[in-house]
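# Residue-level structural notes
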Amino acid sequence: MQTIKHTGGLPMDKWDGRFMQMAYTIAEWSSCFRAGRSIGCVIVKDKRIMTTGYNGAPAGIKTCREKGECMRDKLGIPSGTRMETCYAVHAEQNAIVQAAKLGVSIEGATLYCTHQPCSMCCKMIINSGIRRVIYKEGYPDEFTLELFAEAGVKLERFEDEIPH
């Protein structure tokens, strides 16, 4: 895993900073009830935004915010476990599904996400042909790191401050 840091006051690639900032903006649309669990994702190819995603309930399903509770909290399910027991679709999954729904190729793209993808999202990222993933916040999932490494997907942690 590589780390992207400031050099001379500017990000190594100004576009990485711009797209990470956009991922945080998209995260504000999240309908997750849990504090600190607003996740945003932007899939980019040739400096063009292909799709975006945030964590939230599938279309036509009431969100946790609308329900006024988190099912995972109610059932005492710790973060990083039993991911299928949640109303929300992950930000990365939503962005990949949007690309499929709209017929947009994301082969060879870069995925920018506020948080390190989980192993479920990692598998979708690998199979969709995304070649580079940049994230800011860590996630306790070592299996994801192994899968990305074996598949040759470049995983980079963005260490700069996100401008607001």
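This text follows the structure it describes.
A short tour of the structure in this document, coming up.

Parameters at a glance
Sequence order sets the numbering: in each chain, residues are counted from 1 along the sequence as written. Where totals are concerned, whole chains, interfaces and linings use all residues; where local detail is concerned, this predicted model gives features only for residues with pLDDT of at least 70, and gives and counts side-chain atom pairs only at 80 or more. No hydrogens and no water enter the side-chain calculation; it runs on all heavy atoms of the structure. Here, axes are lines fitted to C-alpha atoms. For helices the fit covers the stretch in contact, and angles between N-to-C directions go from 0 to 180 degrees. We count a stretch as a helix when DSSP gives it H or I for four or more residues in a row; a strand needs E for two or more, and each element gets its number in order from the N terminus. Here is the rule for angles: anything less than 35 degrees is roughly parallel, anything more than 145 is roughly antiparallel, 65 through 115 is roughly perpendicular, and the remaining ranges are oblique. Here is the rule for handedness: rotate from the far helix to the near one, and if that takes an anticlockwise turn smaller than a right angle the crossing is left-handed, while a clockwise turn gives right-handed. Residue contacts are counted whenever heavy atoms from the two residues lie within 4.5 Å of one another. Amino acid classes used here: Ala, Val, Leu, Ile, Met, Phe, Trp, Tyr, Cys and Pro are nonpolar; Asp, Glu, Lys and Arg are charged; the rest, including Gly, are polar. Nine residue types can take part in a nonpolar core, namely buried Ala, Val, Leu, Ile, Met, Phe, Trp, Tyr and Cys, and a core is a set of them joined through side-chain atoms within 4.5 Å. Burial classification: accessible surface area is computed with a 1.4 Å probe over protein chains only, and a residue below 20% of its type maximum counts as buried, one above 50% as exposed, and the rest as partly exposed. For Phe, Tyr and Trp, rings pair up if their centres lie within 6.5 Å, where Trp contributes its six-membered ring, and each pair is then called stacked (planes under 30 degrees apart), edge-to-face (over 60) or tilted (otherwise). Between any two strands, at least two bridges found by DSSP are needed for them to pair.

## Overview of the packing of helix 5 (residues 119-128) against helix 6 (residues 142-151)
Two elements in contact, helix 5 and helix 6, have axes separated by 9 Å at closest approach and are oriented at 15 degrees. One finds that helix 5 runs roughly parallel with respect to helix 6. Between helix 5 and helix 6 lies a crossing whose hand is right-handed. Counted together, Ser-119, Cys-122, Lys-123, Ile-125 and Ile-126 of helix 5 and Phe-143, Thr-144, Leu-147, Phe-148 and Ala-151 of helix 6 form the full contact between these two elements. Residue composition of the contact of helix 5 with helix 6, by class: 7 nonpolar, 2 polar and 1 charged.

## A look at the nonpolar core
If you look at the biggest cluster of nonpolar residues, it comprises 20 residues, and the most contacted ones within it are Ile-43, Leu-111, Ile-130 and Val-133. Where this core is concerned, the elements lending two or more residues are strand 4 (40-45), helix 4 (91-102), strand 6 (110-115), helix 5, strand 7 (132-137) and helix 6. When residues of this core are assigned to their parent elements, the largest contribution, 4 residues, is made by helix 4. Ignoring anything within four residues of it in the chain, the contact list for Ile-130 reads Ile-43, Ile-96, Ile-106, Gly-108, Ala-109, Thr-110, Leu-111, Ile-125 and Val-153.

## Regarding the packing of aromatic side chains
Applying the stated criterion across every chain, the model contains 3 aromatic pairs. Ring centres of Trp-29 and Tyr-54 lie 6.0 Å apart, and the angle between their planes is 90 degrees; on these two criteria the pair is classed as edge-to-face. Of this pair, Trp-29 sits in the loop between helix 1 (14-27) and strand 4 while Tyr-54 is found in strand 5 (residues 48-54), placing the two residues 25 residues apart along the sequence. Given the relative accessible area of 32%, Tyr-54 is considered partly exposed.

## Digging into the pairing of strand 6
Looking along a regular strand, one sees side chains alternate from face to face of the sheet. A large share of strand 6 lies buried, amounting to 6 of its 6 residues. For strand 6 and strand 7, the ladder comprises 5 bridges, and the chain directions are parallel. Counterpart to Cys-113 in the pairing with strand 7 is Tyr-135.

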